[in-house]
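Residue-level structure breakdown
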Amino acid sequence: MRYTLLAVLAAAGLAATGVAATGIAAPGAPAGTPEWAANMTAIEACSCPMFCQCYFNAQPAGHAGHEHGEGAKHFCRANLAYRINKGHHGATNLDGAKFWIATDLGDDFSKGEMEWAVLYFDKTLTPAQREAVGAVASRLFPVKWKSFKTAEATIDTWQFDKDGAHALLDGGKTAEVKLHRFQGLTDAPVVIHNLRYWGAPRNDGFVLMPNDVEAYRSGPNAFEFKGSNGFMITVDLSSKDFSS
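Keep in mind that what you see is a predicted model, and the values were worked out from it rather than measured.

Overview of helix α3 (residues 127-140)
Here α3 contains 14 residues, and its C-alpha end-to-end distance of 20 Å stays within 8% of the 20 Å for a straight helix at 1.5 Å per residue. Most of α3 sits out of view: 11 of its 14 residues are buried.

Have a look at this one:
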C-alpha cells in the first residue's frame, strides 16, 4: 500500500486511538478523560515547497540541491504555533491558551512513524491547562514518534492580519514563523478547502501564506528555511468526535 501522510493518519485513527500510542500526552493523565472541545488556529510553516506535498505523497520534498532527483534527502521540518480560540477540558478553561510544536516528520510515511517532535507549553499555562493541551494534542496528532519531548517557553508574539502572520517563541530565540499573504486573482486569501488536517474532523481551509522565515533555533535539531511552505488554518474538534 502506498502511504501518504493522510493514509498514515487514517490508519493511526483506527489502530492507535489512545493517548499512549501517540506519544503526545500529559504525564499522569487519567484513563478516563473528561468532556472537552477546542477551536484553534495555527500559524504554520515547513521546509516543503508550496504547497506541502506530504498531504499527497509517501515522502516529503527532497532537499540539499536534489529536489527531484535521485539521492535527495527527504524531510519535512516544521513549526506549528497554536492559539486556542475557545476551548475547555472538563472544568479547565482553555480560551487563549497557546502551544507550539517543532517537528521533523521524517523521510518516509510508509514506515508508520514520524521522526521527532517537541511540544512547547506557553509558560503562562497552569498544570491543569498543560494536561488539557496534551489531551487535545493527542487527538489532533494520532501518530507515533521516534522521539517526543515536552518543554516550556514563552510564546510572546502570535498575531496575524489579512497580509501576513508572525509567531515567536522566546522572542525568536527558540523558534520563529513569519508568513506573508499569497497574491491571488484578488486581494482575498487563497484557500484550499476539503483537505483533512491531521486528526481534526473539521477545518475552515488552508489559507496559503508562504514563509519569510520558519526556524527552530534550539538544540541539535535546529533548522531554518526561507520562502518555503506556510499557511494558517482554524480547526475544530471535541471529545464527541472520538469513539474512545
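Picking up after the structure, the text goes on.
Structural notes on the sheet that holds strand β10 (residues 164-169)
The five strands are arranged β9-β10-β11-β15-β16 in an open sheet whose pairing can be described as antiparallel. Looking at the sheet topology across the chains shown, the edges are occupied by β9 (155-161) and β16 (223-225). Averaged over all neighbouring strand pairs, the angle between strand axes comes to 5°, with direction disregarded.

Here we look at the side chain of N79
By secondary structure assignment, the location of N79 is in strand β4 (residues 77-89). You can call N79 buried: its relative accessible area is 0%. Polar contacts involving the side chain of N79 include one to the side chain of E214, which spans 2.9 Å. At a separation of 3.3 Å, a polar atom in the side chain of N79 contacts the main-chain carbonyl oxygen of A215.

Thoughts on the environment of L80
In this fold, L80 is placed in strand β4. With a relative accessible area of 3%, L80 lands in the buried category. C-alpha of L80 to C-alpha of V177: the two residues are 97 residues apart in sequence and 8.4 Å apart in space. In contact with L80, not counting residues within four places along its chain, are I43, E44, F99, W100, I101, T103, F141, Y197 and W198.

Re the pattern of salt bridges
Counting across every chain of the model gives 10 salt bridges. D104 is the salt-bridge partner of R77, the closest N and O atoms lying 3.1 Å from each other. Within this pair, whereas R77 is found in strand β4, its partner D104 is found in strand β6 (residues 98-104), the two being separated by 27 residues in sequence. This pair shows no difference in class: R77 is buried, exactly as D104 is.

Remarks on the environment of N79
Sequence spacing of N79 and E214 is 135 residues, and the spatial spacing of their C-alpha atoms is 6.8 Å. Within the structure, N79 has its side chain in polar contact with the side chain of W100 (distance 3.0 Å).

With respect to the packing of aromatic side chains
Working definition: an aromatic ring pair is given by the centre-to-centre distance plus the angle between the planes. For the coordinates displayed, the defined rule picks out 17 aromatic pairs. Centre to centre, the rings of Y82 and F141 are 6.3 Å apart; their planes meet at 80°, and the pair counts as edge-to-face. Highlighted residues: Y82 in strand β4 and F141 in the loop between α3 and β8 (144-153), separated in sequence by 59 residues. Take Y82 and F141: they sit in the same class, and that class is buried. Geometrically, the ring pair formed by Y120 and Y216 is edge-to-face, given 6.3 Å between the ring centres and 65° between the ring planes. Residue Y120 is located in strand β7 (residues 113-122), and its partner Y216 is located in strand β15 (residues 211-216); the two are separated by 96 residues in the primary sequence.

Concerning the state of the cysteines
If you walk through the whole model with that rule in mind, you get zero disulfides. With no disulfide of its own, C54 has C52 as its nearest cysteine by sulfur position, at a separation of 3.5 Å. Given the relative accessible area of 0%, C54 is considered buried. In this model C76 remains outside any disulfide bridge; the closest cysteine sulfur is found in C54, 3.7 Å from its own.

Quick word on the nonpolar core
Membership of the largest hydrophobic core comes to 44 residues, with the highest contact counts inside it found for M40, Y55, Y82, L140, Y197, W198 and F206. Looking at this core, the elements that each hand over two or more residues are β1 (36-46), β4, β6, β7, α3, β14 (206-208) and β17 (230-238). The element best represented in this core is β1, accounting for five residues. Excluding its chain neighbours within four sequence positions, the residues that come into contact with Y82 are M40, T41, A42, E44, A97, K98, F99, I101, L140, F141, W158 and Y197.

Conventions used here
Residues numbered from 1 in each chain as written. Predicted model: local features only at pLDDT ≥ 70, side-chain atom pairs only at ≥ 80, totals over all residues. Heavy atoms only, no water. Helix = DSSP H or I, 4+ residues; strand = E, 2+ residues; numbered from the N terminus. Expected span 1.5 Å × (residues − 1). Buried < 20%, exposed > 50% of the residue type's maximum accessible area, 1.4 Å probe, protein only. Pairing = 2+ DSSP bridges. Axes fitted to C-alpha atoms, helices over the stretch in contact; angles between N-to-C directions. Polar contact = N/O pair within 3.5 Å; in protein donor to acceptor, adjacent residues only side chain to side chain. Contact = heavy atoms within 4.5 Å. Salt bridge = Lys/Arg side-chain N within 4 Å of Asp/Glu carboxyl O. Phe/Tyr/Trp six-rings, centres within 6.5 Å; stacked < 30°, edge-to-face > 60°. Disulfide = S-S within 2.5 Å. Core = buried A, V, L, I, M, F, W, Y, C linked by side-chain atoms within 4.5 Å.

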